[in-house]
Amino acid sequence: MFNSVGPPNGRMSGHRDVVDITDLSRAVLEEVFKVASQIENQEIDLSHSLDGKVMALAFFEPSTRTRLSFESAMCRLGGKAITFLEPVMTSAAKGENFADTVRMLDYYSDVIVIRHSVEGASRFAADVCNSPVINAGEGMMYHPTQTMIDLYEVLKCLGNIDGLRYAVVGDLRHARVASSLIRGLMMFRPDMIYLVSPDRLRVLEETRRSLSAAKIRFEERTSLAEVLGSVDVIYLTRIQRERFGDALEYERVKGSYSFVEDDVKKMKKDSIVLHALPRVDELSPAVDRYPQAKYFEQAKRGVFVRMALLNMVLR
Ligand code: CP
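Residues numbered from 1 in each chain as written. Predicted model: local features only at pLDDT ≥ 70, side-chain atom pairs only at ≥ 80, totals over all residues. Heavy atoms only, no water.

## Looking at the packing of aromatic side chains
For any pair of aromatic rings, geometry is given as the distance between the ring centres together with the angle between the planes. As enumerated under the stated definition, the model contains six aromatic pairs in all. Where Phe-60 meets Phe-98, the ring centres are 5.7 Å apart and the plane angle is 65°; that geometry is what we call edge-to-face. Residue Phe-60 is found in the loop between strand S1 (54–59) and helix H2 (65–76), and its partner Phe-98 is found in helix H3 (residues 98–108); the two are separated by 38 residues along the sequence. Put simply, the rings of Phe-60, Phe-84, Phe-98 and Phe-124 touch in pairs and so form one group of aromatic residues. (Phe/Tyr/Trp six-rings, centres within 6.5 Å; stacked < 30°, edge-to-face > 60°. Helix = DSSP H or I, 4+ residues; strand = E, 2+ residues; numbered from the N terminus.)

## Looking at the nonpolar core
Within the largest apolar cluster, 62 residues are counted, with the highest numbers of intra-cluster contacts made by Ile-134, Met-148, Val-168 and Leu-310. Among the elements that make up this core, the one with the highest residue count is helix H10 (residues 295–314) (ten residues). Counting only domains with at least three residues in this core, you end up with domain 1 (3–142 + 301–314) and domain 2 (144–298). Tyr-194, Phe-259, Met-267 and Leu-283 belong to the second largest nonpolar core, which has 21 residues in total. (Core = buried A, V, L, I, M, F, W, Y, C linked by side-chain atoms within 4.5 Å. Buried < 20%, exposed > 50% of the residue type's maximum accessible area, 1.4 Å probe, protein only. Domains from an automatic or database assignment.)

## Re the sheet that holds strand S8 (residues 233–236)
Reading across the sheet, the five strands line up as S7-S6-S5-S8-S9 and stay open at both edges, with parallel pairing between neighbours. Sheet topology places strand S7 (218–221) and strand S9 (272–275) at the edges, where each strand pairs with a single neighbour. Put simply, the sheet's adjacent strands are angled 20° from each other on average, direction ignored. Bridge count between strand S5 (residues 165–169) and strand S6 (residues 192–196): five bridges; the pairing is parallel. Each residue of the ladder has a partner; that of Ala-167, found in S6, is Tyr-194. On the sheet, helix H5 (residues 144–158) packs against S5, S8 and S9 and is oriented at approximately 165° with respect to S9. Its contacts with the sheet put H10 on S8 and S9, and the angle it makes with S9 is roughly 55°. (Pairing = 2+ DSSP bridges. Axes fitted to C-alpha atoms, helices over the stretch in contact; angles between N-to-C directions. Contact = heavy atoms within 4.5 Å.)

And the structure:
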């Protein structure tokens, strides 16, 4: 049901939930990118397109970019956002179950945006609610709107998503932005995906199997140096400390890789460095001044992409 894809004209099909990036077809993604670009270039004015609509933000995990860019997007479309400050300030703290909580949000809003640590929370909410549910980051696998932003940034910087060489780098075991991006890339035709990580942080077997099934060329590496000069896109991820059940295991990998000024100098001139942010120590601030560093622009463009998506989901 959630895999129902949009028709070729880029409109969303009957079910408007966005739980995984693969819930959307390539045509729908391309429509989101087209509208985001029109908004960014001020070719269209959607400032009243969602007048009177209400978005509920239900964030059970911390966030800066996703939460505030969704809120900014809704404001810029004429709608309003409601939210709770902390999960502990909801009646969940009194023992209310998740189903009852999201049912209330369904009554109070027209679209529900959820971030949760437990995989399956958004899908469950989508089953319970009539309003569309958008997954704003969940567990170790899902962050579909971040993937839209990542792919949009590639498109805006390099003119295409197909045919490029990607290096996805870092904590590929726990970083949902990496897993989600890899699934997003499977909807396009990348020339190559290098999966670069310390041994302990390699991608899950499930991801490897999906890439093989989709006939996407990929190679696993432990060193970025070997591919640095040949890739078009470097996508960095931080080590996801909050996903380690065992603090000792985190200590073993902490600080095990870092992208620094010398690395960016070895990249192709027209290649780009992306990062979903926040960063810790895996990406040196010294890289920020290089033209390849696109991660702040990527975060800024998140508002345009989320505006385009909200407009599509609610129209
Ligand atoms: N990229 C991202 O999801 O950032 P936040 O955790 O700050 O929302």
